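What follows is each chain in one-letter form.
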Amino acid sequence: MAVGLEELLDTGGFVPHGVCLLWRPDILMLHVASDVLIGLSYFSIPVALIYFVMRRRDVAFGWMALLFALFIIACGTTHFLSVWTLWTPDYVLEGLVKLLTAFASLATAAALWWLMPRLLALPSPRELEASNRALELEVATRREMEARYSGFFNNLGEALFIVQVLPDGDFAYEAINPALARIGGLDPEQLRDRRVRDAVKPELADLVIPRYTACRDSGKTIDYEETLDMPAGQRVFHTMLVPVKDAAGRVVQILGSGRDVTERKRLQEEVIQTSKLATLGTLAAGMAHEMSQPLNVIRLWTENTLARLHDNLLEPARAEKALKLVIEQTERMGKLIDHVRMFGRRDGGGMRTFHPADCVQSAVELVRHQYRHEDIEIVEKGWAAQLAVSGRPLELEQVILNLFSNARDAIIALRAAGGAAGRIMVAVGDDPDGYSVVIQVTDDGGGIDPAVLPQIFDPFFTTKEVGKGSGLGLSIGYGIIDGMGGRIEARNVDLEGGGRGVRFTITLPSQPVSSVDREFSHA
Amino acid sequence: MPDRFHILIAEDEVLAAMALEDFLSFKGFRVTVAANGVEALERYATERIHALVTDLRMPRMDGETLIREIRDRDATLPVVVMTGYLTEDSDLKQERWKPLEIFSKPVNPRTICNTLHRMLGIPLEA
Ligand SMILES: Nc1ncnc2c1ncn2[C@@H]1O[C@H](COP(=O)(O)OP(=O)(O)O)[C@@H](O)[C@H]1O
Ligand SMILES: [Mg+2]
């Protein structure tokens with residue numbers, strides 16, 4: 001049934017709604033007043049809503065508010081139409097507006113239910129307030145921490161710096177602390193974000209960039225001592241670089257700290273110097289004593305000879321004896337001087353890598369014959385030495401020879417005191433850790449009095465008779481082993497056969513053998 | 001005549017002791033040699049000794065102990081010390097050890113001989 005709009009809006013045939021109310025003025029007034037009030041209020045609500053949505057641009061689901069506004073305007077309109085139809089029977093128009101309202105209500109209601117879970121998920125103002133408060137607290141804590149750390153950074157006497165590793169691998173200063181600025185005469189603001197090469201003097205850059213590179217490439221904390229030219233003069237720093245990595249493990253930042261150890265270094269050097277002087281003092285005193293002995297013999301014999309010569313009482317045999325004695329004594333002094341020369345030679349050139357077993361072998365060869373005559377047997381064992389060491393082979397040989405001769409002296413002394421002795425055991429082997437070679441020389445000569453054990457490495461310490469011992473052997477040996485980065489220790493040992501003796505243990509750090517040195521190692 | 005005088009030499013360096021013994025005997029002294037402090041003290045106990053010539057560093061009782069022991073027994077025995085050590089701060093320099101003379105090695109035997117003459121009150125030969 002097709003109906004035209006004209007027809008639809010045609011009011012003919014209907015009676016106004018007021019008829020139903022019998023045109024009673026009181027009832028009419030009640031309806032008119034209520035509907036107008038409701039309509040006005042309804043119309044005002046969307047205005048408020050839209051105003052709210054406009055002002056609060058961040059309102060979630062703003063379109064919902066618009067839908068709401070439409071729905072309410074529609075509702076309001078129906079109320080105004082109710083007033084209108086009291087006098088004018090436009091019921092079709094009213095019906096159409098109601099239909100519109102129905103759609104708007106339906107849409108709003110549906111949307112509301114559809115949105116419900118999402119609306120529930122929206123934080124309530126109270127929740128928001130609580131989380132706001134938590135956030136504020138967090139911000140405050142962070143500020144305080146930052147203040148504390150920046151206090152650390154700014155007030156610490158240690159030089160601190162942050163180096164950025166740029167994508168191209170180069171380095172730029174991110175920040176330096178006032179201590180570093182002060183020591184280095186640098187301006188933190190000028191340094192910021194500038195490449196290290198542009199930020200500092202070329203000489204300084206040449207010194208620090210290799211270190212930063214090492215830290216960047218190894219990804220490990222490194223620390224080292226460096227001497228830098230600062231405006232305040234040359235300073236020695238103990239510097240530490242700590243890499244900071246990103247999630248992919250790439251070093252993106254280097255945290256650096258430098259402690260000025262100039263003063264400590266100076267004190268240290270002073271102590272070394274003092275102890276050197278002390279050693280020199282002992283050396284001088286010892287030398288004076290040791291040299292005075294043969295000189296004394298020489299003087300006495302020559303004076304003696306001279307006195308007899310003056311009195312014409314010198315027989316040729318006596319003269320010959322005296323002169324031979326003098327020659328012997330000069331030889332004794334020569335040996336002493338050789339020993340002392342070893343002291344001075346200690347850090348001369350000629351270091352190379354070699355196999356210590358070869359030195360031990362040639363030391364054994366050198367004395368085996370002579371010792372056999374004295375009924376002293378050298379027993380070799382454990383030649384499992386593959387590793388090489390760095391130093392001077394002849395010096396190491398000398399150290400081992402001195403250990404042999406000490407062992408021999410001890411054996412002979414023990415025999416003189418009625419004991420049985422006569423074995424020197426020597427062993428060379430790689431330490432199982434693979435980083436060092438161990439040489440052991442053990443004798444059955446009765447051992448060392450524990451009271452003097454701590455002194456045996458002192459220069460001129462000897463328990464031997466005058467002319468027999470200089471007390472220099474072990475102290476020179478100690479110096480040589482120390483110079484090779486190794487150590488030498490002595491302790492008394494009880495031997496399997498019931499005897500007792502001393503075991504000297506030399507531990508030397510192993511070195512990779514270069515091909516050139518390998519050729520020489522059997523020289 | 002010095003041969004009335006008996007000198008005890010305490011010295012562990014045999015060759016030095018021998019030469020000094022020879023020199024002093026040549027100059028007319030009677031000489032006895034001991035190789036260490038203990039031996040010297042034994043000789044001192046059993047023989048009549050007029051003067052002691054001693055080394056300081058010796059095995060089995062050093063020179064200083066020997067001098068102490070002897071001073072306990074005889075406050076006036078002339079003592080001549082021969083030493084290879086630096087003697088600047090030695091206790092032996094104290095007055096109470098006198099009569100005592102210190103010489104550092106190498107010693108001149110003529111000086112030792114002259115000192116003995118002086119300490120023993122023997123007129124020096126021309
Ligand atoms: N194998 C050993 N047995 C007993 N004592 C030893 C041994 N090796 C060294 N000593 C002691 O250490 C002292 C110092 O030795 P060293 O420095 O070689 O000087 P020296 O052999 O000239 O006395 C020796 O006098 C001795 O008392
Ligand atoms: Mg030795």
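Not measured: the values here are computed from a predicted model. (Residues numbered from 1 in each chain as written. Chains lettered and ligands numbered in written order. Predicted model: local features only at pLDDT ≥ 70, side-chain atom pairs only at ≥ 80, totals over all residues. Heavy atoms only, no water.)

**Describing the overall build of chain A**
1) Next: On a plain count of helices and strands, chain A comes out with 15 helices and 12 strands.
2) Next: Across the 523 residues in chain A, those meeting the buried criterion constitute 37%.
3) Next: Across chain A, contacts joining residues at least 24 apart in sequence account for 62% of those joining residues at least 6 apart.
4) Next: Surface summary for chain A: the accessible area is close to 31000 Å², and the carbon and sulfur share equals 60%. (Helix = DSSP H or I, 4+ residues; strand = E, 2+ residues; numbered from the N terminus. Buried < 20%, exposed > 50% of the residue type's maximum accessible area, 1.4 Å probe, protein only. Contact = heavy atoms within 4.5 Å. Areas by Shrake-Rupley, 256 points an atom, 1.4 Å probe, with all protein chains shown as cover.)

**Overview of helix H2 (residues 25-55) of chain A**
All names here are of chain A.
1) Next: Along its 31 residues, H2 runs 44 Å from first to last C-alpha, staying within 8% of the 45 Å computed at 1.5 Å per residue.
2) Next: What H2 keeps buried is the set Leu-28, Val-32, Asp-35, Gly-39, Pro-46 and Val-53.
3) Next: Contacts from the buried residues of H2 go to helix H3 (62-87). (Expected span 1.5 Å × (residues − 1).)

**Some details on the environment of Arg182(A)**
1) Next: Secondary-structure assignment places Arg182(A) in helix H6 (residues 178-184).
2) Next: Distance in space between the C-alpha atoms of Arg182(A) and Met230(A) is 9.9 Å, their sequence separation being 48 residues.

**Things to note about the sheet that holds strand S1 (residues 6-10) of chain B**
Residues and elements named next belong to chain B.
1) Next: In spatial order, the strands read S2-S1-S3-S4-S5; together these five strands make up an open sheet with parallel pairing. At either end of the open sheet lies a strand with only one pairing partner, and these are strand S2 (30-34) and strand S5 (100-104). Taking the axes of each pair of neighbouring strands and ignoring which way they run, one obtains an average angle of 15° across the sheet.
2) Next: Strand direction decides the pairing type here: strand S3 (residues 51-55) and strand S4 (residues 79-83), joined by four bridges, are parallel. Bridge assignment links Val-53 to a residue of S4, and that residue is Val-80.
3) Next: Here helix H3 (residues 63-73) sits on the sheet in contact with S1, S3, S4 and S5, set at roughly 160° to S3.
4) Next: Helix H4 (residues 109-120) contacts S1, S3, S4 and S5 of the sheet and is inclined by roughly 175° relative to S5. (Pairing = 2+ DSSP bridges. Axes fitted to C-alpha atoms, helices over the stretch in contact; angles between N-to-C directions.)

**A short note on the site of ligand 1**
All names here are of chain A.
1) Next: The environment of ligand 1 is formed by 20 residues, the closest being Asp-443, Thr-462, Thr-463, Lys-464 and Leu-474.
2) Next: Interatomic distance of 3.5 Å between a side-chain N/O atom of Asn-402 and an oxygen atom of ligand 1.
3) Next: Asn-406 has a polar side-chain atom sitting 2.8 Å from an oxygen atom of ligand 1.
4) Next: Relative to its unbound accessible surface of 530 Å², ligand 1 loses 94% to contact with the protein.
5) Next: The set of elements that each furnish at least two residues to the shell around ligand 1 consists of helix H13 (393-416), helix H14 (473-483) and strand S12 (500-511).
6) Next: Broken down by element, the residue count for the shell around ligand 1 peaks at four residues, all from H13.
7) Next: A class-by-class count of the residues in the shell around ligand 1 yields nine nonpolar, nine polar and two charged. (Near = heavy atom within 4 Å. Polar contact = N/O pair within 3.5 Å; in protein donor to acceptor, adjacent residues only side chain to side chain. Nonpolar A, V, L, I, M, F, W, Y, C, P; charged D, E, K, R; others polar.)

**Some thoughts on the sheet that holds strand S1 (residues 159-165) of chain A**
All names here are of chain A.
1) Next: Read from one edge of the open sheet, five strands run S2-S1-S5-S4-S3, paired in antiparallel fashion. Where the open sheet ends on each side, the last strands, each with one partner, are strand S2 (171-176) and strand S3 (222-230). On average, each strand axis in the sheet is inclined to that of its neighbour by 30°, with strand direction left out of account.
2) Next: Examined bridge by bridge, strand S4 (residues 233-245) and strand S5 (residues 251-260) share nine bridges and lie antiparallel to one another. By the bridge assignment for S5, Val-244 is matched with Gln-253.
3) Next: Docked against the sheet, helix H9 (residues 202-218) engages S1, S2, S3, S4 and S5, running at close to 165° with respect to S3.

**Overview of the packing of H3(A) against helix H4 (residues 91-121) of chain A**
All names here are of chain A.
1) Next: Contact geometry of H3 with H4 gives a least axis separation of 9 Å together with a crossing angle of 155°. The pairing of H3 with H4 is recorded here as roughly antiparallel in orientation. As for how H3 packs across H4, the hand of that crossing is left-handed.
2) Next: Here the residues of the contact of H3 with H4 are counted per class, giving 17 nonpolar, seven polar and two charged. (Parallel < 35°, antiparallel > 145°, perpendicular 65-115°, else oblique. Left-handed = near helix turned anticlockwise from the far one by under 90°.)

**As for the UniProt feature "transmembrane region" (unreviewed entry) in chain A**
1) Next: Here, the residues flagged by UniProt with the feature "transmembrane region" (unreviewed entry) are residues 32-53 and 65-87 of chain A.
2) Next: From the first C-alpha to the last, residues 32-53 of chain A spans 32 Å; its make-up is 100% helix and 0% strand. (UniProt positions renumbered as here; feature names shortened; annotations may be inferred.)

**Re the side chain of Lys105(B)**
1) Next: In this fold, Lys105(B) is placed in the loop between S5 and H4.
2) Next: Looking at Lys105(B), the relative accessible area reads 7%, which means it is buried.
3) Next: One polar contact links Lys105(B) to Asp55(B), side chain to side chain, over a distance of 3.1 Å.
4) Next: Beyond its immediate stretch of four places on either side in the chain, Lys105(B) contacts Ser292(A), Gln293(A), Asn296(A), Glu11(B), Asp55(B), Met82(B), Thr83(B) and Gly84(B).

**Remarks on the interface of chain B and chain A**
1) Next: In this assembly, 21 residues from chain B lie in contact with 26 residues from chain A.
2) Next: Surface buried jointly by chain B and chain A totals about 2200 Å² across both partners, of which 60% is contributed by carbon and sulfur atoms.
3) Next: A salt bridge links Glu303(A) to Arg110(B); the shortest N-O distance between them is 2.8 Å.
4) Next: Mapped onto the side of chain B that touches chain A, the elements with two or more residues apiece are helix H1 (14-26) and H4 of chain B. (Buried area = accessible area lost by both parts, 1.4 Å probe. Salt bridge = Lys/Arg side-chain N within 4 Å of Asp/Glu carboxyl O.)

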